[in-house]
Amino acid sequence: MKKHSNKKELMMLPLLFISILLCVGGHFILQPNYQDSHIIEYSLAALPFVMFAVVIVAIKMAFKAEEKEQDQ
């Protein structure tokens, strides 16, 4: 079993925090106070796409880290 570098795993933490903030923020703006705003409606519609982009960035980072590990 391979031992992974802690530095490579810590590089993924900002992406995790971004996705957590997106989830919490999405639930926050679903409150009835913000229901009449069109900007809020569009941002909620874009939220899954932003989260998908975060996942793609994380996958690319993981592939690069794996390639660097195999080269060494």
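Residues numbered from 1 in each chain as written. Predicted model: local features only at pLDDT ≥ 70, side-chain atom pairs only at ≥ 80, totals over all residues. Heavy atoms only, no water.

Trainee: Help me understand the overall build of the protein chain, please; the structure alone is not making it clear to me.
Mentor: If you tally the helices and strands in the protein chain, you get three helices and zero strands. Secondary structure elements in the protein chain, listed N-terminal to C-terminal, are α-α-α. For the protein chain, whose C-alpha radius of gyration is 17 Å, the value lies well above the compact-globule estimate of 11 Å for 72 residues. Principal-axis analysis of the C-alpha atoms gives the protein chain an extent of 55 × 15 × 15 Å. If you sum the accessible surface of the protein chain, you get close to 6300 Å²; carbon and sulfur atoms cover 69% of it. Across the protein chain, the 7 positively charged side chains and the 7 negatively charged ones have centroids separated by 11 Å. (Helix = DSSP H or I, 4+ residues; strand = E, 2+ residues; numbered from the N terminus. Rg over C-alpha atoms; globule rule 2.2 N^0.38 Å. Areas by Shrake-Rupley, 256 points an atom, 1.4 Å probe, with all protein chains shown as cover. Lys, Arg positive; Asp, Glu negative; His and termini not counted. Charge placed at Lys NZ, Arg CZ, Asp CG, Glu CD.)

Trainee: What should I look at first to understand a positive patch on the surface in this one?
Mentor: Taken together, the side chains of Lys7, Lys60, Lys64 and Lys68 define a basic patch exposed on the protein surface. If you trace the backbone, lysine 64 turns up in helix 3 (residues 38–71). Taking the relative accessible area as the measure of exposure, lysine 64 reaches 57% and is therefore exposed. (Patch = residues over 30% accessible without salt bridge, like charges linked within 9 Å, V, L, I, M, F, W, Y side chains within 5 Å. Salt bridge = Lys/Arg side-chain N within 4 Å of Asp/Glu carboxyl O. Buried < 20%, exposed > 50% of the residue type's maximum accessible area, 1.4 Å probe, protein only.)

Trainee: Sorry, what's going on with a nonpolar patch on the surface here?
Mentor: A contiguous nonpolar patch, built from Leu10, Leu13, Leu16, Phe17, Ile20 and Val24 and spanning about 540 Å² of accessible area, is present on the exposed surface. Here leucine 13 is to be found in helix 2 (residues 13–28).

Trainee: Looking at this structure, I do not really get the environment of lysine 68. What am I missing?
Mentor: Its location among the elements puts lysine 68 in helix 3. A residue is classified by how much of its surface remains accessible, and lysine 68, at 57% relative accessible area, is exposed. Lysine 68 sits 27 residues away from glutamate 41 along the chain, and the two C-alpha atoms are 42 Å apart.

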